[in-house]
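Fold and contact review
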Amino acid sequence: LCRRIAFEARFDRSAQFNSFSNANVTAYHIIEWLKETNCILLIDVLNVLLSGATNCDLFGEFLKNTFLKKSNRYFAFSSHVVGTTSQLSDYMDSPSNRTVGICELPLVHHVVDAATIFRWEDLTVMEMIYYGLIPALIYEAHLSKTTNNSGYL
């Protein structure tokens with residue numbers, strides 16, 4: 001995680017992650033680099049990151065102390081597994097009674113509504129299902145279809 005944070009925060013955007021994969025970046029390096037900087041750590045698909053982790057307690061401590069306890073620091077994540085939320089709080093060993101906000105994606109339930117909203121007259125139910133009934137994906141698919149005729153993301 002520390003290596004990934006350092007990679008994403010680097011100034012040289014030309015480097016590829018493979019060339020960075022042997023860099024030794026520790027929690028100490030990240031903490032020293034951040035100092036008192038305000039920031040938000042975003043982790044997409046946290047359950048995948050945790051699935052192969054061996055030091056989950058250290059991972060939780062790092063997130064708690066570096067991104068949740070400090071003022072003007074935040075931690076947001078997505079997960080395909082709802083159970084990640086309780087596992088993460090277990091790793092953080094926290095007496096806090098703060099809740100974890102779970103936000104479901106909004107869905108479009110009717111093809112007529114979607115076709116009207118997105119001005120996509122020939123939108124089909126099959127296309128809506130392909131894009132997971134998710135408004136942003138339907139919108140982007142239509143935008144892509146009208147700008148480059150591919151129709152797919």
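Residue positions are counted from 1 within each chain, in the order its sequence is given. Given that the model is predicted, a residue must reach a pLDDT of at least 70 before its local features are reported, and side-chain atom pairs must reach 80 or more before they are shown or counted; all residues, however, enter totals for whole chains, interfaces and linings. Side-chain calculation: all heavy atoms of the structure are included, whereas hydrogens and water are not.

This part is about the pattern of salt bridges. Only one rule defines a salt bridge in this text: a Lys or Arg side-chain nitrogen within 4 Å of an Asp or Glu carboxyl oxygen. In the structure shown here, the tally under the stated rule is four salt bridges. A salt bridge links E61 to K64; its shortest N-O distance comes to 3.2 Å. Placement of the pair is E61 and K64 together in helix α5 (residues 56-68), with a separation of three residues, close to one helical turn. Classification of residues uses two cut-offs on accessible area relative to the type maximum, computed with a 1.4 Å probe and protein chains only: under 20% is buried, over 50% is exposed, and between them is partly exposed. Judged by relative accessible area, K64 falls into the buried class, the value being 11%. K145 is paired through a salt bridge with D122; the nearest N and O atoms lie 3.6 Å apart. Of this pair, K145 sits in helix α9 (residues 135-148) while D122 sits in the loop between α7 (111-117) and α8 (125-130), placing them 23 residues apart in sequence. You can call K145 partly exposed: its relative accessible area is 26%. Numbering of helices and strands runs from the N terminus; a helix is a DSSP stretch of H or I covering at least four residues, while a strand is a stretch of E covering at least two.

The next thing to look at is the confidence of the model for the protein. Any region with low pLDDT has predicted coordinates that should not be read closely. Residues with a pLDDT of 70 or more make up 76% of the protein, whose mean pLDDT is 77. Scored between 0 and 100, pLDDT is the confidence that the predictor attaches to each residue. Averaged over each element, pLDDT in the protein is lowest for helix α6 (residues 84-92) (53) and highest for helix α3 (residues 27-34) (90).

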